[in-house]
Amino acid sequence: MLDYENDHYCPVYGKVISIDLCYDSLCCLKGLFKISSTKELMKIENIDEATKICENCPYSNLSAGLEL
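These numbers come from a predicted model, not from an experiment.

## So, the environment of Cys57
In step 1: Of note, Cys57 is situated in the segment after helix H3 (47-55).
In step 2: The class for Cys57 is buried, based on a relative accessible area of 9%.
In step 3: For the pair Cys57 and Cys10, spaced 47 residues apart in the sequence, the C-alpha separation amounts to 7.8 Å.

Here it is as C-alpha cells:
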C-alpha cells in the first residue's frame, strides 16, 4: 500500500522527496502549474521524459487517467 502522507522515492528526481514536492511536480507535469513554479523541476533537462517517468510512478494519478 502506498503511503501518501510521508516522504518517498521519486524516479523523476532520483531521490526521496516530500509529498508536497511530489504533488507540485505532478501538477506541473500534468500542465496544471507552470514548470517554472517548481524550482526543482527547472533543474530537469528533459521535461518530456520526466513526464513519462511520472506517469509510470505508482504515486502518480497520471497513469490512471485520474484528475487531481
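## Focus: the packing of aromatic side chains
In step 1: Summed over all chains, the structure comprises one aromatic pair.
In step 2: Aromatic pair Tyr4 and Tyr59: ring centres 5.4 Å apart, planes at 80°, arrangement edge-to-face. One end of the pair, Tyr4, is in the segment before strand S1 (8-10); the other, Tyr59, is in the segment after H3, and 55 residues separate them in sequence.
In step 3: Residue classification places Tyr4 among the partly exposed positions, given a relative accessible area of 47%.
In step 4: Its relative accessible area of 15% is what places Tyr59 among the buried residues.

## A short note on the confidence of the model for the protein chain
In step 1: Residues of the protein chain with pLDDT of at least 70 account for 88%, and the chain-wide mean is 88.
In step 2: The weakest mean pLDDT in the protein chain belongs to helix H1 (residues 19-30) at 94; the strongest belongs to strand S2 (residues 15-17) at 97.
In step 3: Across residues 63-68, confidence stays below pLDDT 50; counting only partners more than four residues off in sequence or on other chains, it has ten contacts.

Definitions and limits used
- Residues numbered from 1 in each chain as written.
- Predicted model: local features only at pLDDT ≥ 70, side-chain atom pairs only at ≥ 80, totals over all residues.
- Heavy atoms only, no water.
- Helix = DSSP H or I, 4+ residues; strand = E, 2+ residues; numbered from the N terminus.
- Buried < 20%, exposed > 50% of the residue type's maximum accessible area, 1.4 Å probe, protein only.
- Phe/Tyr/Trp six-rings, centres within 6.5 Å; stacked < 30°, edge-to-face > 60°.
- pLDDT = per-residue confidence, 0-100.
- Contact = heavy atoms within 4.5 Å.

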